[in-house]
Amino acid sequence: MRFGVISTANIGLKAVVPAIERSEHEVAAIASRDAERARAVADEHGIDRAYGSYEALLSDDDVDAVYNPLPNAMHAEWTKAAADAGLHVLCEKPLAVDAAEARDVVAYCEDAGVTLMEAFMYRYHPRTRRAREIVTKELDDVRGAYATFQFPLRGRPEDIRLDPDLAGGSLMDVGCYAVNVTRTLLGEPDAVSARTVDSRDCGVDTHVAAQLAYDGATAQVSASFDTQDVQRYRVEAENGWLEAPADAFNPRGDEVDLRYAVDGREVVETFDAGDQYRLQVEHFAECVERGETPETDGAEAVANMRVVDAIYESTESGERVRLD
């Protein structure tokens, strides 16, 4: 598959573009609103064609699919533009600014007959798949869960993640992972209660904490730009527990652990840190080739945004929000 990358954003250059290069696929073209920047990046990564506009890349007949790592508020517009060009789309999370916009994008891509996948790369790591298997098949009567993704975003007041016009905020940037893994392991919540903090007076949340209510269980999710680097999740059940104690969403180093206990038996399973970005790219390409639905498809994106929307609604109202 020949990818076109719209934007020279860091997530693409540091993670996804190298992952495509390590796969059997290729980056055929890259675009930026700065033609010189696009050319410099293309030269650095051995990409044949560089464009000074996104429109020009979408008109390239040698491109099969688009990777969209633009700021959150631009995801919908340019995903739809790619669909208009008949291009399949791997779009960074979150797919849209809210669930309503996500539904619109999903319907648009369906009408255009293109494959749409949201880039929650951690879902394709073997540790995540194993965690889901254990929670589903071995843990009985789950009663609680906890998930968090935090890192210090300091010294960059102009960072797009602090810009309300670009749909920034800790929940949209990293909190969506905590929401996603909770939904992946426990399913859809019935209600949400939440609070956020804007410690920079920048117009977006820099810290968020929420409680998701289930029938017989609760889950705590949190995210932050104000605290130290923490990525973990844990599930508590009547007959045991499970946790990814570190680097839960973005494995670093050579190995990562998954720890769990079932009926008094404690286990530590170790996985290669691996290349979840490459696995994500390969899953996307296989789905396009076979005409199959990706694991993190449009419906999944809408479901995740429904919870994100409810967290914001609860923050604004100060009340518990039910998810029908």
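That block above? That's the structure.
Chains are numbered independently. Their residues run from 1 in the order of the written sequence. Local features in a predicted model are, by the rule used here, given only for residues with pLDDT of at least 70; side-chain atom pairs are given and counted only at 80 or more, and totals for whole chains, interfaces and linings are based on all residues. Side-chain measures were taken over the full set of non-hydrogen atoms in the model, leaving aside hydrogen atoms and water.

Enquirer: Would you explain unusual backbone geometry in this entry?
Expert: What you tend to see is this: most non-glycine residues have negative phi, and most peptide bonds are trans. Following Lys93, the chain continues to Pro94 via a peptide bond in cis, the omega torsion being -15°. With respect to the helices and strands, the residue Pro94 is situated in the loop between β5 (88-92) and α5 (99-112). With a phi angle near 115°, Ser7 is a residue other than glycine that sits in the positive phi range. Helix numbers and strand numbers start at the N terminus; a helix is a DSSP run of H or I with at least 4 residues, a strand a run of E with at least 2. Structurally, the position occupied by Ser7 is in the loop between β1 (2-6) and α1 (10-22).

Enquirer: Just checking my understanding: could you explain α5 for this structure?
Expert: Every α-helical turn comprises 3.6 residues, leaving residues that sit three or four positions apart pointing alike. For α5, spanning 14 residues, the distance from its first C-alpha to its last is 20 Å, which sits close to the expected 20 Å at 1.5 Å a residue. For every residue, the accessible area (1.4 Å probe, protein chains only) is compared with the maximum for its type, and the residue is labelled buried under 20%, exposed over 50%, or partly exposed between those bounds. Of all the residues in α5, the buried ones are Ala99, Ala102, Val105, Val106 and Cys109. Buried positions in α5, seen along its axis, are confined to an arc of 120° and lie on one side of it. The exposed residues of α5 that point more than 90 degrees off its buried face are Ala100 and Asp111. Should any heavy atoms of two residues lie within 4.5 Å, those residues are considered in contact. In this structure, the buried side of α5 is in contact with α4 (75-84), β6 (116-119) and α9 (298-317). Counted as a polar contact is a pair of N or O atoms within 3.5 Å, where, for protein atoms, one must be capable of donating a hydrogen and the other of accepting one, and residues adjacent in sequence contribute only when both atoms are in side chains. Structurally, the start of α5 carries an N-cap: the backbone nitrogen of Ala100 is 3.3 Å from a side-chain oxygen of Asp98. Following α5 by one or two positions, Gly113 adopts a phi angle in the positive range, close to 75°. Multiplying 1.5 Å by the helix residue count minus one yields the expected span of that helix. Regarding the arc, it is the one traced by the directions from the helix axis to the C-beta atoms.

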